[in-house]
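Structural features, examined
Next come the chains, spelled out residue by residue.
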Protein chains: 6
Amino acid sequence: MSSSDDSGSMVRATVIQASTIFYDTPATLDKAERLLAEAASDGSQLVVFPEAFVGGYPLGSTFGVTIGNRSHKGNVDFRKYHAAAINVPGTEVDRLASMAGKYKVFMVMGVIERDGYTLYCTVLFFDNQGCYLGKHRKLMPTGLERVIWGFGNGSNIPVFDTPIGKIGAVICWENKMPLWRTAMYAKGVEIYCAPTADSREVWQASMTHIALEGGCFVLSANQFCRRKDYPAPPEYVFSGTHEDLTPDSVVCAGGSVIISPSGAVLAGPNYNGEALITADLDLGEIVHAKFGFDVVGHYARPDVLSLIVKDDPVTPVTFTSEKTEGSQK
Amino acid sequence: MSSSDDSGSMVRATVIQASTIFYDTPATLDKAERLLAEAASDGSQLVVFPEAFVGGYPLGSTFGVTIGNRSHKGNVDFRKYHAAAINVPGTEVDRLASMAGKYKVFMVMGVIERDGYTLYCTVLFFDNQGCYLGKHRKLMPTGLERVIWGFGNGSNIPVFDTPIGKIGAVICWENKMPLWRTAMYAKGVEIYCAPTADSREVWQASMTHIALEGGCFVLSANQFCRRKDYPAPPEYVFSGTHEDLTPDSVVCAGGSVIISPSGAVLAGPNYNGEALITADLDLGEIVHAKFGFDVVGHYARPDVLSLIVKDDPVTPVTFTSEKTEGSQK
Amino acid sequence: MSSSDDSGSMVRATVIQASTIFYDTPATLDKAERLLAEAASDGSQLVVFPEAFVGGYPLGSTFGVTIGNRSHKGNVDFRKYHAAAINVPGTEVDRLASMAGKYKVFMVMGVIERDGYTLYCTVLFFDNQGCYLGKHRKLMPTGLERVIWGFGNGSNIPVFDTPIGKIGAVICWENKMPLWRTAMYAKGVEIYCAPTADSREVWQASMTHIALEGGCFVLSANQFCRRKDYPAPPEYVFSGTHEDLTPDSVVCAGGSVIISPSGAVLAGPNYNGEALITADLDLGEIVHAKFGFDVVGHYARPDVLSLIVKDDPVTPVTFTSEKTEGSQK
Amino acid sequence: MSSSDDSGSMVRATVIQASTIFYDTPATLDKAERLLAEAASDGSQLVVFPEAFVGGYPLGSTFGVTIGNRSHKGNVDFRKYHAAAINVPGTEVDRLASMAGKYKVFMVMGVIERDGYTLYCTVLFFDNQGCYLGKHRKLMPTGLERVIWGFGNGSNIPVFDTPIGKIGAVICWENKMPLWRTAMYAKGVEIYCAPTADSREVWQASMTHIALEGGCFVLSANQFCRRKDYPAPPEYVFSGTHEDLTPDSVVCAGGSVIISPSGAVLAGPNYNGEALITADLDLGEIVHAKFGFDVVGHYARPDVLSLIVKDDPVTPVTFTSEKTEGSQK
Amino acid sequence: MSSSDDSGSMVRATVIQASTIFYDTPATLDKAERLLAEAASDGSQLVVFPEAFVGGYPLGSTFGVTIGNRSHKGNVDFRKYHAAAINVPGTEVDRLASMAGKYKVFMVMGVIERDGYTLYCTVLFFDNQGCYLGKHRKLMPTGLERVIWGFGNGSNIPVFDTPIGKIGAVICWENKMPLWRTAMYAKGVEIYCAPTADSREVWQASMTHIALEGGCFVLSANQFCRRKDYPAPPEYVFSGTHEDLTPDSVVCAGGSVIISPSGAVLAGPNYNGEALITADLDLGEIVHAKFGFDVVGHYARPDVLSLIVKDDPVTPVTFTSEKTEGSQK
Amino acid sequence: MSSSDDSGSMVRATVIQASTIFYDTPATLDKAERLLAEAASDGSQLVVFPEAFVGGYPLGSTFGVTIGNRSHKGNVDFRKYHAAAINVPGTEVDRLASMAGKYKVFMVMGVIERDGYTLYCTVLFFDNQGCYLGKHRKLMPTGLERVIWGFGNGSNIPVFDTPIGKIGAVICWENKMPLWRTAMYAKGVEIYCAPTADSREVWQASMTHIALEGGCFVLSANQFCRRKDYPAPPEYVFSGTHEDLTPDSVVCAGGSVIISPSGAVLAGPNYNGEALITADLDLGEIVHAKFGFDVVGHYARPDVLSLIVKDDPVTPVTFTSEKTEGSQK
């Protein structure tokens, strides 16, 4: 479906609210396939997984880091976390691609990407033919994430023009970056995926706002995790305010949601448990929304406000003998 | 023919006064081809169509918009209108180009251009070899048009130096903008096309004035529409003063006209029905007119009056990896 | 209080939810003074009025405009509306300034500004000494507003550094423009005023999002209007979906609100009637919010995303003998 | 009356269509007074005289000039013409001022101004209190006028804000200069006076266009002259196409006219003889016109089209000891 | 040869006194080549042609212009004259450049330049390598010339520093403009070329004076024309005092001359017929002359007399996307 | 007579060609009175004397100055020369004024002015009522004059508007300064007096050129001196090429002349002996001349060429307690 015709076709989309099987990437992939199959059986054409679903979001961990110090335990934790991450491309990516092809769904998957010894919080895109389309690396990690994940750059902010609409992903607090969102709008995003780890209620306000601002569908996917979804202490420690946790304590409450361009909540938010949140997206609604407010069209003021997106690849080291544009293939 | 030699060659030009087949772009293109063929068979070398001929001029519509409000019916209307618009470039542009080549005419065509979810009132230019030359987007829509069409910018104001003279287009009330006209004069426009939707008699005064002011031929093309050329109510509603309309009521009276640089009316104005208004333009008359008054030559006072035309491309978002000027291709 | 110390001083702020006395600017100013006095008597240091409070927001009006046409009634309506607007500077501005001085409050006032024959939707700023500080003209009107109001430019987007914090204003759907908001954040806005005419519930999501995104207090002021607050028909007609209105019908439901940088609702939203919505703003909360997310600070990615704000004055005509920026004073 | 209130007051204005008493300036001033008295007795508040009424428009003369040559007769003709011109200020200006005061009318008077040995085609402005307000010197003479008149500069293009509206004057083919007109619009001209010597019918189109373009009243004053209004041959010779003239032959047919901002002809054009053309101008119509099209307001595109008017005084020689702008006073 | 050494080298220079082949530019170029070849064969290093040699000086013509009127014959005359002019750059300029290269002479050539529909009286400069160096457009036409030629500006007043000295040109009555000459002196002109159409005897006084005033060599080139060098009547009419002309009547008597910095006449003036006037210029004489009087050196009084030359390019319309200085190339 | 009426009055003017009685100022004044009486008896209304007539032009003297040295004889010579000079004002000025009144002539007199110990080459102006009008000090002495005379400044360049025309004076090689002449033209000089000591034939070319350039009458007055008009050797020595002089040798040949604005020589040049050169000046000719070329009017290009004349008084020492503008009263 191109953005410019008026076929009015509906797209069924599912947001996965589920937890990683921590430190066990093969099992996590198995779980992903089960969830995918379930969504597909319900007729879903697009499935969006949470941030860091493959590799895990190390909630409550400190990796032993304090200002001016690190602990041995933290080093060991990071080594395990590094081991659970995946190379892109790589065998896990191949498996994910074949899953998408098998169930004939488009898939947006949050992963922890390993590039040498630096990890990235990345989202992978697959089409319903079993092809890996590309990735987005989180531009700016939040808080302590900056200690375990590297920083993406402008060359990894794709929007894919697929038969079911233009799909892109913005991860967690990247969603709070107005210039970054505007870059996505300028690329014409219609199905705006927001894998996240933020389960606070105010997150809903941002999701609604973005749907209105961008004139797009917003699909926010978060994990729902109890304490027991992480390794038991002392292997894995929840620091800070979460220390009196029972195995059934909810440590990440979800809140996954699907919102239409007019700000209507189509499905979710769900704060109760693992779930598949599914809705039918009428892409024709976008034209109604943009009729009133087209953020990069009739409502822009390029004579006053002009955003430059430096999306050329940047690498710390470039070898002139290589004509390729990236460095980490 | 260059503007500076004195070959005195004549150019036969036709202004098309006809209505869009509303909401049916393929049929409108078929009609355009029939009209083009007719003009070509009469020896015409240049054919100018009215404003919004492809896509339609939604006369009398309100799109359900009041101050602070919009109606559902208006959204639905806009969605249909959006669907009838065309991408530039795109398949409809390809068809128009091949028509121009088939009948060996230069063609100036008013269209509704779809760029993502914003529409523009645009004029397309084609040469007699079947090539699409470029476009002009209306800089400033009038009245309620500002709700359905975006605003052009300074980078879309071309004048094409063709073998039959220098051709440009200024749409509807853009013709009332003295600075904009002066930019056209500075580009050397010789055949000034004025596709319009204004059928009032005072329009003729402006056309005559512009011919005199610019020392150029003015070719104004307007649609001639009866109520029945638009969908019947309740699908399509004429608001305001037009409410007691019969199917045969004239809702746009035309007034298409061709005027010489001395202010002489060469053909038209026609207020009677659909018609082809044709005249032979003696381009050599331009030198007579400019001998007396050359608005950007001997009669300019650049020491006192200096117009800056900011015609660099502007876009709300620019991606440095792209060399294209737009953002959503 | 400077924005950069940590005195933690509190600012009492009031948002006015009240209607214009339509077509009667002197009476509206009297009403403004009564409301200001009431807020001041409650200890308020900052009072924010709705969009277009002086001059009026012509809700439901069409000004007789359809695509390609205008009615005589619409012209007459506009002439009255033009007459109710105020010059800036001018006698009404003087009166507003003296009110602010008399009640010793900072005041943010939505007005309709008359500049020759074009009107602008403008917000005026006054300090508690009775000085007029400056103005912001709405950059981009929405929908039919584009027919009655001109377009602001980049030179009218001030943020004033006052003893009670850095104050700026963003009007109605300007709040949906991410680049424009980012310009405000870059100017360091701490008390972000959002006079509006949008009383839909989704407006609350945007207000919350902006507080989080900008790390600032958001004060949204809207009118509360019943049908009888506008002239009776046939003088004043509500078009569209509002036609079966009784005099007591609510035509604008308010929803004025004050939100903290953490997204907490401090007062409102009020959908019940005219009201003064008051809260104490602890400016020290801003540092908490920005510790996590500083949109133009540690969370910006200027290597990738760079916004250019062209805020030089632009005028259609500049006279070199004048050092002023406008042309028609 | 200020341009920005809405008093709706009417202004009665008269355009004088009469001929100079050639080579006899005192008699011409007497005639001016008679015409002024007649207009005033009809209640006129503003009286506009034709181009060069005082000093004369030397229609059909060649001043003996050919390319590369001059005749003695031409020199003698010029000496007489120079003698009939007036200094500004000077005794004739004083007399004109006292006339305006005596009859309590605003007066716009075309004169030939003598500044040393160069003549200028100038328009003088007087208020109804008997004060000389200032002058406009024609920027660019037309055709052979360039041999007898000097060129004005940007410092002589005033618009006077009077109790009966903002008044300016644009002389003859200056009216064809779009940038110059735009400067007038930017100064807020409401009563646009167009003293002229062009009696062709196409002149009417330009006057109508300007009224629409500028949203102003246009008052065009031309002389009505028969051959006998000029000295008899051989003293005064009509060259070119006029050689078979009888004393009663019409050599300048007038065509004086008053047009409203909507393009409606309020009085004239008169092609029959000397006449006073009078109309009541409803200045309130301006707001209707500008609601649709405000050339320097909501319909301007200063981001694209920006006119610089260099209106600083320029003189070939400046003496630093003088604070006056000219050199030979 | 640099202007500041004292090599005393001699430069042989030739002034061409010959007529245009009117309305036949190719034939005129052929004639120019013959004359150039003849001068070169005599050892000349610099050849100066008269004003308007290419394009023609339309002596005695009126172009049908009277005050307030134009004739059809005049329009037709102008169209032919416009056709005979040349574009700069353009094919004729290329031919002239190659001539200069072929005969290895510096060449100063008077032409009528066509820029769109306005003509300019221009002088072109070529070096002895066959390169076009640049041009000077006459600043201020004289008398009726103002009707057929546009006005130059301050950006076209070059002096070229060549191996045979610093060369500039001042056309016809520009030579009477003291400020303009002073600008040339300030640019260091050593070989001051004065192409002209003035054949009166008093012209010699000005040439001598300029040589003394400027301390430079003055080379004045004028056409020698008989009536038969112009088309026969009625196609071409001599107006004014020349009406009893026979084909052999001299209509332009020449008077071409070469004068040294001490006021000595080195060659000419010739009033007898077409001729090549040649002299050897001892550039070392300049230092003798300037020892006594250096107009921009020791004899200047910049504390009292200060000339500002505004030589920035000015154009009526500037397109910001172009880095060129003109608007109609 | 004002420059702006057309009275056509004639002015009879006389140029005095006579020698100083060297070192004898009282006798020189007696001689001046005799010459004045003679001119007056012939009906002359204006009498112009040569440069340095009172005080003497020390032709052929070296004042003992060589580079790096001075002689005692030179000092003695200067002391005598200083003694022969006059204070301005002073008794000799009073006598000159009463002469002018007695014979009822306007008088322009070259003198050597003594201001403390510096001498100036000055011209004094008197009216026919016996009033001293003012003075002009030579701006720039030539060659060795720079050793005996000081330099004037911009505050001493008057043009007096008298009943017989506007009169000014330019001394000797000041006449070669184009900017200085232009300042005179800008002041409207009509009777341009050129007292000089240059008797070379090329001087005539400059006088003719100035008449044409300035459109004014030029009256050049030079002394006619034989060797015996100076003291005999060894008291007074002629150095250089004049050493073989007999008492009757002509050392200054005169060449006084009167020229009209059209370049016609009205009287002189006289190279034969002392003489009164008289002519009738038809001031009406000025308008003919300026019709063709008005150097500071229609033929100026102030947009390109702008002369600043710094004519504020300048003095080496200013006492703030004095409010007078000069320093030597």
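These numbers were taken from a predicted model, which means no experiment stands behind them. (Residues numbered from 1 in each chain as written. Chains lettered and ligands numbered in written order. Predicted model: local features only at pLDDT ≥ 70, side-chain atom pairs only at ≥ 80, totals over all residues. Heavy atoms only, no water.)

Here the residue pair Pro233(F) and Pro234(F) is connected by a cis peptide bond, since its omega of 5° sits within 30 degrees of zero. Tracing the sequence through the fold places Pro234(F) in the loop between strand E12 (224-226) and strand E13 (250-253). With omega at -5°, the peptide bond leading from Gly268(F) into Pro269(F) counts as cis. Along the polypeptide, Pro269(F) turns up in strand E15 (residues 265-270). Backbone geometry at Phe63(D) places phi at a positive 50°, although glycine is not the residue there. Here Phe63(D) is to be found in the loop between strand E2 (46-48) and strand E3 (65-66). You will see that Cys172(E), though not glycine, has its phi angle at about 45°, which is positive. (Helix = DSSP H or I, 4+ residues; strand = E, 2+ residues; numbered from the N terminus.)

Quick look at the packing of helix H7 (residues 285-292) of chain B against helix H2 (residues 72-84) of chain E now. In the contact formed by H7(B) and H2(E), the axes pass within 9 Å of each other and the chain directions differ by 105°. As judged from the angle between their axes, H7(B) and H2(E) are roughly perpendicular. Together, Glu285(B), Val287(B), His288(B) and Phe291(B) of H7(B) and Gly74(E), Asn75(E), Val76(E), Phe78(E), Arg79(E) and His82(E) of H2(E) make up the contact between the two elements. In terms of residue class, the contact of H7(B) with H2(E) is built from four nonpolar, four polar and two charged. (Axes fitted to C-alpha atoms, helices over the stretch in contact; angles between N-to-C directions. Parallel < 35°, antiparallel > 145°, perpendicular 65-115°, else oblique. Contact = heavy atoms within 4.5 Å. Nonpolar A, V, L, I, M, F, W, Y, C, P; charged D, E, K, R; others polar.)

All names here are of chain F. Residues of strand E14 (residues 256-259) alternate between two faces, with Ser-256 and Ile-258 on one and Val-257 and Ile-259 on the opposite face, all of them buried. Note: strand E11 (residues 217-222) against E14, three bridges, orientation antiparallel. Bridge assignment links Leu-219 to a residue of E14, and that residue is Ile-258. In terms of strand pairing, E14 meets E15 through three bridges, oriented antiparallel. Directly across from Ile-259, in E15, lies its bridge partner Val-265. (Buried < 20%, exposed > 50% of the residue type's maximum accessible area, 1.4 Å probe, protein only. Pairing = 2+ DSSP bridges.)

When chain A is fitted to chain C, the residual RMSD is 0.1 Å, and the transformation amounts to a turn of 179° plus an axial shift of 0.0 Å. When the rotation and shift are considered jointly, the pair of chain copies conforms to a two-fold rotation axis. Mapped onto chain C, 100% of the interface residues of chain A again fall at the interface, so both copies present the same surface. (Least-squares fit on C-alpha atoms with pLDDT ≥ 70 in both.)

All told, the structure shown has 106 aromatic pairs over all chains when counted by the stated rule. Between Phe125(C) and Phe160(C), the aromatic rings sit 4.9 Å apart at their centres with planes inclined by 55°, giving tilted as the arrangement. Pair noted here: Phe125(C) is in strand E6 (residues 118-126) and Phe160(C) is in strand E8 (residues 159-162), with a separation of 35 residues, a long-range link. The burial state of Phe125(C) is the same as that of Phe160(C); both residues are buried. When the centroid spacing of 5.2 Å and the interplanar angle of 90° are considered together, the rings of Tyr230(D) and Phe238(D) count as edge-to-face. Put simply, the rings of Phe291(A), Phe22(B), Tyr23(B), Phe63(B), Phe78(B), Tyr81(B), Tyr230(B), Tyr236(B) and Phe238(B) touch in pairs and so form one group of aromatic residues. In this structure, Arg70(E) is placed above the aromatic ring of Phe291(B), and the distance from its NZ or CZ to the ring centre is 4.9 Å. (Phe/Tyr/Trp six-rings, centres within 6.5 Å; stacked < 30°, edge-to-face > 60°. Lys NZ or Arg CZ within 6 Å of the ring centre and 35° of its normal.)

Taken as a whole and judged by the stated rule, the model has zero disulfides over all chains. There is no disulfide at Cys252(D), and the cysteine sulfur nearest it, in Cys225(D), is 5.0 Å away. Overall, Cys252(D) belongs to the buried group, its relative accessible area being 5%. In this model Cys172(E) remains outside any disulfide bridge; the closest cysteine sulfur is found in Cys121(E), 7.7 Å from its own. (Disulfide = S-S within 2.5 Å.)

Below, the discussion takes up the interface of chain F and chain D. Taken together, the contact pairs 35 residues of chain F with 27 residues of chain D. Of the roughly 2700 Å² buried between chain F and chain D, counting both surfaces, carbon and sulfur atoms make up 57%. In this assembly, chain F and chain D are joined by one salt bridge. Between Asp282(F) and Arg79(D) there is a salt bridge; the shortest N-O distance is 3.7 Å. Counting across the chain F and chain D interface gives nine residue pairs in polar contact (both at pLDDT 80 or more). When residues of the side of chain F that touches chain D are traced back to their parent elements, those giving at least two are helix H5 (178-186), helix H7 (285-292) and strand E17 (305-309) of chain F. Classifying every residue of the side of chain F that touches chain D gives 13 nonpolar, 11 polar and 11 charged. (Buried area = accessible area lost by both parts, 1.4 Å probe. Salt bridge = Lys/Arg side-chain N within 4 Å of Asp/Glu carboxyl O. Polar contact = N/O pair within 3.5 Å; in protein donor to acceptor, adjacent residues only side chain to side chain.)

Counting from both sides, the interface comprises 46 residues of chain A and, opposite them, 46 residues of chain C. Between chain A and chain C, a total of about 3800 Å² is buried, with carbon and sulfur atoms accounting for 65% of that surface. Considering only the side of chain A, the residues that lose the most area to chain C are Tyr299(A), Arg301(A) and Leu305(A), jointly responsible for 19% of the buried surface there. The interface formed by chain A and chain C holds two salt bridges in total. For Arg181(C), the salt bridge is made with Glu213(A), and the minimal N-O distance between the two is 2.4 Å. Our count for the chain A to chain C interface comes out at 22 residue pairs in polar contact (both at pLDDT 80 or more). Across five bridges, the pairing between strand E17 (residues 305-309) of chain A and strand E17 (residues 305-309) of chain C is antiparallel. For Leu305(A), the partnering residue across the bridge sits in E17(C) and is Val309(C).

Enumeration according to the criterion identifies 112 salt bridges over all chains in this entry. One salt-bridge network, held together by shared partners, links Asp30(A), Glu33(A), Arg95(A) and Lys102(A).

We now examine helix H3 (residues 91-103) of chain C. All names here are of chain C. The end-to-end C-alpha distance of H3 is 19 Å, a good match for the 18 Å that 13 residues give at a rise of 1.5 Å each. Every buried residue of H3 is listed here: Val-93, Leu-96, Ala-97, Met-99, Ala-100 and Gly-101. On its buried face, H3 is in contact with helix H1 (25-41), strand E5 (106-115), E6 and strand E7 (132-137). Remark: Lys-104 follows H3 within two positions and exhibits a positive phi of approximately 55°. (Expected span 1.5 Å × (residues − 1).)

With that settled, the discussion passes to the confidence of the model for chain A. All names here are of chain A. Here chain A shows a mean pLDDT of 92. Residues at 70 or above account for 94%. Predicted confidence for residues 1-7 stays below pLDDT 50, and this span has 18 contacts to residues more than four positions away or in other chains. Segment residues 325-329 is flagged for pLDDT under 50; beyond a separation of four residues in sequence, or across chains, it makes five contacts in the model. (pLDDT = per-residue confidence, 0-100.)

This paragraph deals with H5(F). Residue and element names in this part refer to chain F. Summarising burial for H5: nine of the nine residues are buried, a large majority. What H5 keeps buried is the set Pro-178, Leu-179, Trp-180, Arg-181, Thr-182, Ala-183, Met-184, Tyr-185 and Ala-186. One or two residues past the end of H5 sits Gly-188, with phi positive at roughly 85°.

Residues and elements named next belong to chain C. Here Pro-141 is to be found in the loop between E7 and helix H4 (145-148). In this structure Pro-141 comes out as buried when scored by relative accessible area, which is 0%. Residues Pro-141 and Trp-173 lie 32 residues apart in sequence; the distance between their C-alpha atoms is 7.8 Å.

All names here are of chain D. Relative to the assigned elements, Ala-39 resides in helix H1 (residues 25-41). With a relative accessible area of 1%, Ala-39 lands in the buried category. Sequence-wise, Ala-39 and Glu-213 are 174 residues apart; in three dimensions their C-alpha atoms are separated by 29 Å. Leave out the neighbours within four places in its chain, and Ala-39 touches Thr-14, Ser-44, Val-47 and Leu-276.

Before going further, it helps to examine the sheet that holds strand E9 (residues 165-169) of chain D. Adjacent strands of a sheet form backbone hydrogen bonds with each other and so pair up, either parallel or antiparallel. Residue and element names in this part refer to chain D. Taking strand neighbours across the sheet as the criterion, the six strands line up as E8-E9-E10-E11-E14-E15 in an open arrangement whose pairing is mixed. Sheet topology places strand E8 (159-162) and strand E15 (265-270) at the edges, where each strand pairs with a single neighbour. Ignoring strand direction, the axes of neighbouring strands in this sheet form an average angle of 15°. In the sheet, E9 pairs with strand E10 (residues 191-196) via three bridges, with the strands oriented parallel. Directly across from Gly-168, in E10, lies its bridge partner Tyr-192. Strand contacts of helix H5 (residues 178-186): E8, E9 and E10, with the helix running at about 160° to E9, the strand carrying the most contacts. Sheet contacts for helix H6 (residues 202-214): E10, strand E11 (217-222), strand E14 (256-259) and E15; angle to E14, the most-contacted strand, approximately 25°.

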